[in-house]
Amino acid sequence: VFTEKKFYDCLMHGFLKLNDFDMVIFDECHHADSSHYYNLIMQDFFYFKKDPRNHKPRILGLTASPIKSKIGECDKRNISTDIQEKLQNLCNNLYSQFQCISKE
């Protein structure tokens, strides 16, 4: 269990390797954009060093609010498309698929 910065630092200094893990869980994963450490971990260690011969961990991102922006900040004419684009961007950043748990 690490904070995102501590995990990034351990990877950066070679104390840990991402391929040593079977699964990495990012809590509050909706922060995985721009220069947040979740995104930096993915860019610098998951994608950059991606090699089919190396084992890469599964990524599980958890959040109760997958979209950081408020609904009022979305384009009201295309709110459904805007939300889908934001979710797809998050999934792309985490090399993951979006799964919603509902009452159904």
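Scroll up to find the structure this text is about.
First, a word on what this report is: a plain description of the structure on this page.

Reading the values: the criteria
Residues numbered from 1 in each chain as written. Predicted model: local features only at pLDDT ≥ 70, side-chain atom pairs only at ≥ 80, totals over all residues. Heavy atoms only, no water. Helix = DSSP H or I, 4+ residues; strand = E, 2+ residues; numbered from the N terminus. Buried < 20%, exposed > 50% of the residue type's maximum accessible area, 1.4 Å probe, protein only. Areas by Shrake-Rupley, 256 points an atom, 1.4 Å probe, with all protein chains shown as cover. Core = buried A, V, L, I, M, F, W, Y, C linked by side-chain atoms within 4.5 Å. Contact = heavy atoms within 4.5 Å. Patch = residues over 30% accessible without salt bridge, like charges linked within 9 Å, V, L, I, M, F, W, Y side chains within 5 Å. Salt bridge = Lys/Arg side-chain N within 4 Å of Asp/Glu carboxyl O. Axes fitted to C-alpha atoms, helices over the stretch in contact; angles between N-to-C directions. Parallel < 35°, antiparallel > 145°, perpendicular 65-115°, else oblique. Left-handed = near helix turned anticlockwise from the far one by under 90°. Nonpolar A, V, L, I, M, F, W, Y, C, P; charged D, E, K, R; others polar.

## A few points about the overall build of the chain
Thought 1: Secondary structure summary: the chain contains three helices and two strands in total.
Thought 2: When the helices and strands of the chain are listed from N to C terminus, the series reads α-β-α-β-α.
Thought 3: Within the span of the chain, comprising 104 residues, buried residues form 30% of the whole.
Thought 4: Just so you have it, the chain exposes about 7,700 Å², and 53% of that area is on carbon and sulfur atoms.

## So, the nonpolar core
Thought 1: With 17 residues, the main nonpolar core has Leu18, Phe26, Ile59 and Leu94 as its most contacted residues.
Thought 2: Of all elements in the fold, only α1 (4-12), β1 (23-27), α2 (37-47) and α3 (79-94) reach the threshold of two or more residues within this core.
Thought 3: Tallying contributions element by element places α2 first for this core, with six residues.

## Overview of the side chain of asparagine 39
Thought 1: If you trace the backbone, asparagine 39 turns up in helix α2.
Thought 2: Those residues in contact with asparagine 39, other than ones at most four positions away along the chain, are Ala32, Asp33, Ser34 and Asn93.

## Considering a nonpolar patch on the surface
Thought 1: A contiguous nonpolar patch, built from Met23, Ile25, Leu60 and Leu62 and spanning about 340 Å² of accessible area, is present on the exposed surface.
Thought 2: Examined against the element boundaries, leucine 62 turns out to sit in strand β2 (residues 58-62).

## Some details on the environment of aspartate 20
Thought 1: The topology assignment puts aspartate 20 in the loop between α1 and β1.
Thought 2: Spatially, the C-alpha atoms of aspartate 20 and asparagine 54 are 10.0 Å apart, while their sequence positions differ by 34 residues.

## Observations concerning the packing of α1 against α2
Thought 1: Look at α1 against α2: their axes get within 9 Å of each other, and the N-to-C directions meet at 20°. The angle between the axes of α1 and α2 places the two elements in the roughly parallel class. In this structure, α1 crosses over α2, and the sense of that crossing is left-handed. Each of Glu4, Lys5, Phe7, Tyr8, Leu11 and Met12 in α1 lies in contact with α2, whose residues at this interface are Tyr37, Tyr38, Leu40, Ile41, Asp44 and Phe45.
Thought 2: For the contact of α1 with α2, the residue count by class is nine nonpolar, no polar and three charged.

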